[in-house]
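# Summary of structural features
Letter by letter, the chains look like this.
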Amino acid sequence: MTSGGRMQELCLLCWVVLLGLGQACPEPCDCGEKYGFQIADCAYRDLEAVPPGFPANVTTLSLSANRLSRLPEGAFREVPLLQSLWLAHNEIRTVAAGALASLGHLKSLDLSHNLISDFAWRDLHNLSALQLLKMDSNELTFIPRDAFNSLRALRSLQLNHNHLHTLAEGTFAPLTALSHLQINDNPFDCTCGIMWFKTWALTTAVSIPEQDNITCTSPQVLKGTPLNRLLPLPCSAPLVQLTYQPSQDGAELRPGFVLALHCDVEGQPAPQLHWHIQTPGGTVEITSPNVGADGRALPGALAASRQPRFQAFANGSLLIPDFGKLEEGTYSCLATNELGSAESSVNVALATPGEGGEDMLGRRFHGKAAEGEGCYMVDNEVQPSGPEDNVVIIYLSRTGGPEVAAAGEGVSGQQTPGLLLVGQSLLLFFFTSF
């Protein structure tokens, strides 16, 4: 630290001490010095809110065994030098954003035996000096993956007797000084998402007591099973493959044809499928399915008509009836489960051959094809040389009814009608039924 920085910190300390000397203790509390610490004792005072008027030099504050129901933003702004804060055995349900953020010197925080379900996790990012965190016996249902990112000095963490169902992988990785973790008596769902914690708990040097009480609540067949005795589960992150139709050579398409895309998904547990569609008219987000087997909108699905413009079926298929210029764009399917996500996309464009009506997608393909880039042949199908070339160009003839014609040299040795595919290792999918 520079001499200027030391001077500023010294001035701040002097200001705090002088301000503290000039302030009285809140009436319900007892304030004084003990073992070199400035202590404010407000425990067992039947308080319903944090009282104002603390000396600014207080380093230990006890508000335990009161009737506090929430901690509002700035609740402890008057005591910036606080090192220990005791709030156990209250009725706190909510810790608002900013309630704890000003306590950069805090080393011990006890919030145990409350009713906390709404907690300002981001406030912990400011508490880099924290060594003890007690949040046991509350109603916490989840912990964000990055909740403890700044707590590299934390030695003891107590999360037992909450309502935690799962833990994000890597939650405890930033806690490099951690030596004690208590997390028993939570209703864990013993699915693929918790298996990482079992492995970590069996290999870490951190002391984790009462491991026989870290048990499964669901599924029913595993209820009561200690996590450390859980057998391996068949888990896998999602894999997706996007295919589409029309795709057969010689296909003749009438005006208003139907474009069918199919997202073939693998993974355990079964992934949730989501479609992201970017067209000239804007972005469309669809959580699949939005229609039943008959193509009619499901109850609760957002749709302007009984038959939506984009029809997402439960089997992973997406139909676009009356496909036209308004439906050009990028179609992406995203599959997500507890272990991660995977995405596959395709760009779809309409063009008329021989007229400069091709858009950028078509021009980009033809430029790369002329240079011998962008695609190669496998079993007479066009394959990609890079993910940036994931394009479907549908060519409509200028005379008579629209038809689909293949373009690009070397696709099949002759110019037969068909659909030009330039994409991500996509197999042709023959869409026959739903």
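Here the structure is a predicted model, which is why all the values come from computation and not from measurement.

So, on to the nonpolar core. What tends to happen in soluble globular proteins is that the nonpolar side chains get buried as a cluster. Formed by 61 residues in total, the largest nonpolar core has its most connected members in Phe76, Phe148, Phe172 and Phe197. Counting 20 residues, the second largest nonpolar core, distinct from the first, contains Leu242, Tyr244, Leu273 and Tyr331.

In total, this model carries five disulfides according to the counting rule given. Each sulfur in the disulfide pair cysteine 25 and cysteine 31 lies 1.9 Å from the other. Residues cysteine 25 and cysteine 31 are joined by a disulfide whose S-S torsion is about 65°; by sign, that bridge is right-handed. Residue cysteine 25 is classed as partly exposed on the basis of its relative accessible area of 25%.

Taken in spatial order, the eight strands line up as E1-E2-E3-E5-E7-E9-E10-E11 in an open sheet, and their pairing is mixed. The outermost strands of the open sheet, each flanked by one partner alone, are strand E1 (30–34) and strand E11 (180–182). Ignoring strand direction, the axes of neighbouring strands in this sheet form an average angle of 10°. Pairing of strand E7 (residues 108–110) with strand E9 (residues 132–134), which is carried by three bridges, proceeds in the parallel orientation. Bridge assignment links serine 108 to a residue of E9, and that residue is leucine 132.

The subject of this paragraph is the pattern of salt bridges. Between side chains of opposite charge, a pair can form when the charged atoms approach closely. All told, the structure shown has seven salt bridges when counted by the stated rule. A salt bridge links glutamate 48 to arginine 67; its shortest N-O distance comes to 3.3 Å. You can see glutamate 48 sitting in the loop between strand E2 (37–41) and strand E3 (60–62) and its partner arginine 67 sitting in the loop between E3 and strand E4 (70–71), a full 19 residues away along the chain. The salt bridge involving aspartate 110 is made with lysine 134; its shortest N-O contact spans 3.9 Å. One end of the pair, aspartate 110, is in strand E7; the other, lysine 134, is in strand E9, with 24 residues separating them in the sequence. By relative accessible area, aspartate 110 is classed as buried at 7%. By relative accessible area, lysine 134 is classed as partly exposed at 22%. Beyond isolated ion pairs, a larger network of salt bridges with shared partners links Asp46, Glu48 and Arg67.

Criteria and thresholds
Residues numbered from 1 in each chain as written. Predicted model: local features only at pLDDT ≥ 70, side-chain atom pairs only at ≥ 80, totals over all residues. Heavy atoms only, no water. Core = buried A, V, L, I, M, F, W, Y, C linked by side-chain atoms within 4.5 Å. Buried < 20%, exposed > 50% of the residue type's maximum accessible area, 1.4 Å probe, protein only. Disulfide = S-S within 2.5 Å. Pairing = 2+ DSSP bridges. Helix = DSSP H or I, 4+ residues; strand = E, 2+ residues; numbered from the N terminus. Axes fitted to C-alpha atoms, helices over the stretch in contact; angles between N-to-C directions. Salt bridge = Lys/Arg side-chain N within 4 Å of Asp/Glu carboxyl O.

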